[in-house]
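# Summary of structural features
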Amino acid sequence: VQLQASGGGLVQAGGSLRLSCAASGRTLSWYTMGWFRQVPGKEREFVATIDRSSGSTGYADSVKGRFTISRDNAKNMVYLQMNSLKPEDTALYYCAADPAFARRLSQDSNDYSYWGQGTQVTVSS
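First, a word on scope: everything that follows refers to the structure included in this document. (Residues numbered from 1 in each chain as written. Predicted model: local features only at pLDDT ≥ 70, side-chain atom pairs only at ≥ 80, totals over all residues. Heavy atoms only, no water.)

## What to know about the environment of Ser29
- Counting through the fold element by element, Ser29 comes out in the loop between β3 (17-24) and β4 (32-38).
- The residues touching Ser29, leaving out its near neighbours within four places in the chain, are Arg52, Arg71 and Asn73. (Helix = DSSP H or I, 4+ residues; strand = E, 2+ residues; numbered from the N terminus. Contact = heavy atoms within 4.5 Å.)

## Observations concerning the side chain of Asp51
- Mapped onto the elements of the fold, Asp51 is located in the loop between β5 (45-50) and β6 (57-59).
- Taking the relative accessible area as the measure of exposure, Asp51 reaches 10% and is therefore buried.
- Here Asp51 is in contact with Thr32, Ser56, Arg71, Arg104 and Leu105, once residues within four sequence places are set aside. (Buried < 20%, exposed > 50% of the residue type's maximum accessible area, 1.4 Å probe, protein only.)

## A short note on unusual backbone geometry
- For Asn76, which is not glycine, the phi dihedral falls at a positive 60°.
- Relative to the helices and strands, Asn76 is located in the loop between β7 (67-72) and β8 (77-82).
- Take Asn76: its relative accessible area is 16%, and that puts it in the buried class.
- In the Ramachandran plot, Leu105 falls in the positive-phi region, its phi being about 55° despite a non-glycine side chain.

Here is the structure:
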(Lines give C-alpha, C1' and ligand atoms only; values in the text may rest on other atoms or scores of the structure.)
Protein backbone atom coordinates (compact mmCIF):
# COMPACT_ATOMS: atom_id res chain seq x y z
CA VAL A 1 0.00 0.00 0.00
CA GLN A 2 1.18 3.53 -0.77
CA LEU A 3 0.32 6.37 1.59
CA GLN A 4 0.18 10.10 0.92
CA ALA A 5 -0.24 12.54 3.80
CA SER A 6 -1.46 16.10 3.31
CA GLY A 7 -3.11 18.98 5.13
CA GLY A 8 -0.22 20.35 7.12
CA GLY A 9 0.55 24.03 7.38
CA LEU A 10 1.21 27.00 9.61
CA VAL A 11 -1.38 27.78 12.28
CA GLN A 12 -1.51 29.91 15.40
CA ALA A 13 -1.69 28.34 18.83
CA GLY A 14 -5.27 27.39 19.64
CA GLY A 15 -6.09 26.80 16.01
CA SER A 16 -7.05 23.65 14.15
CA LEU A 17 -5.82 21.57 11.25
CA ARG A 18 -7.10 18.42 9.60
CA LEU A 19 -4.54 16.02 8.19
CA SER A 20 -5.49 13.52 5.54
CA CYS A 21 -3.84 10.28 4.48
CA ALA A 22 -4.77 8.79 1.12
CA ALA A 23 -4.03 5.14 0.46
CA SER A 24 -3.56 3.44 -2.88
CA GLY A 25 -2.55 0.01 -4.05
CA ARG A 26 -4.58 -1.95 -1.50
CA THR A 27 -7.79 -1.45 0.39
CA LEU A 28 -7.20 0.43 3.60
CA SER A 29 -9.51 -1.85 5.55
CA TRP A 30 -6.72 -4.46 5.73
CA TYR A 31 -4.65 -2.22 8.03
CA THR A 32 -4.59 -0.70 11.45
CA MET A 33 -3.64 2.91 10.80
CA GLY A 34 -1.57 5.30 12.84
CA TRP A 35 -0.27 8.84 12.94
CA PHE A 36 3.21 9.61 14.22
CA ARG A 37 5.23 12.79 14.39
CA GLN A 38 8.89 13.70 14.48
CA VAL A 39 10.91 16.75 15.35
CA PRO A 40 14.49 17.03 14.01
CA GLY A 41 16.93 15.42 16.40
CA LYS A 42 14.25 13.43 18.22
CA GLU A 43 12.74 9.98 17.79
CA ARG A 44 9.50 9.46 15.96
CA GLU A 45 6.60 9.79 18.42
CA PHE A 46 3.25 8.02 18.47
CA VAL A 47 0.21 10.28 18.10
CA ALA A 48 -2.90 8.20 17.40
CA THR A 49 -4.08 4.87 16.04
CA ILE A 50 -7.35 3.39 14.80
CA ASP A 51 -8.31 -0.20 14.18
CA ARG A 52 -9.58 -1.67 10.90
CA SER A 53 -13.25 -1.10 11.54
CA SER A 54 -12.99 2.26 13.36
CA GLY A 55 -14.32 0.55 16.46
CA SER A 56 -11.35 1.45 18.64
CA THR A 57 -8.83 4.25 18.82
CA GLY A 58 -5.78 5.08 20.89
CA TYR A 59 -4.02 8.36 21.61
CA ALA A 60 -0.83 9.65 23.13
CA ASP A 61 -1.48 11.37 26.44
CA SER A 62 -0.12 14.62 25.01
CA VAL A 63 -2.91 14.84 22.39
CA LYS A 64 -5.80 13.10 24.15
CA GLY A 65 -8.91 15.28 24.12
CA ARG A 66 -7.50 17.55 21.39
CA PHE A 67 -6.87 15.22 18.44
CA THR A 68 -9.28 12.79 16.80
CA ILE A 69 -8.33 10.03 14.39
CA SER A 70 -10.91 8.68 11.96
CA ARG A 71 -11.06 6.69 8.77
CA ASP A 72 -13.29 6.18 5.75
CA ASN A 73 -12.50 2.76 4.33
CA ALA A 74 -14.80 3.31 1.36
CA LYS A 75 -12.67 6.29 0.34
CA ASN A 76 -9.37 4.72 1.45
CA MET A 77 -8.72 7.72 3.68
CA VAL A 78 -7.54 8.31 7.23
CA TYR A 79 -7.82 11.65 8.99
CA LEU A 80 -6.35 13.40 12.02
CA GLN A 81 -8.40 16.32 13.29
CA MET A 82 -6.17 18.49 15.45
CA ASN A 83 -7.78 21.12 17.68
CA SER A 84 -6.38 23.45 20.33
CA LEU A 85 -2.97 23.20 18.75
CA LYS A 86 0.09 24.08 20.80
CA PRO A 87 3.59 25.11 19.71
CA GLU A 88 4.85 21.76 21.01
CA ASP A 89 2.69 20.03 18.38
CA THR A 90 5.04 21.39 15.71
CA ALA A 91 6.49 18.42 13.84
CA LEU A 92 6.52 16.44 10.64
CA TYR A 93 3.45 14.20 10.76
CA TYR A 94 3.40 10.76 9.17
CA CYS A 95 0.60 8.32 8.53
CA ALA A 96 1.44 4.64 8.70
CA ALA A 97 -0.17 1.23 8.16
CA ASP A 98 0.19 -1.89 10.32
CA PRO A 99 -0.67 -5.03 8.38
CA ALA A 100 -0.63 -7.51 11.28
CA PHE A 101 -4.13 -8.92 11.60
CA ALA A 102 -3.73 -10.12 15.18
CA ARG A 103 -2.24 -6.93 16.53
CA ARG A 104 -4.45 -4.04 17.60
CA LEU A 105 -3.69 -0.38 18.21
CA SER A 106 0.06 -0.58 18.44
CA GLN A 107 1.90 2.56 19.57
CA ASP A 108 5.24 1.18 18.41
CA SER A 109 6.45 2.63 15.11
CA ASN A 110 8.34 -0.61 14.42
CA ASP A 111 5.01 -2.41 14.00
CA TYR A 112 4.01 -0.19 11.08
CA SER A 113 5.33 -1.44 7.76
CA TYR A 114 4.13 1.28 5.40
CA TRP A 115 4.70 5.02 5.73
CA GLY A 116 3.66 8.15 3.94
CA GLN A 117 6.09 10.96 3.15
CA GLY A 118 5.07 13.27 5.99
CA THR A 119 3.33 16.64 6.15
CA GLN A 120 4.72 19.56 8.17
CA VAL A 121 2.66 21.13 10.92
CA THR A 122 3.95 24.37 12.43
CA VAL A 123 2.17 26.01 15.35
CA SER A 124 3.19 29.55 16.19
CA SER A 125 2.84 31.01 19.66
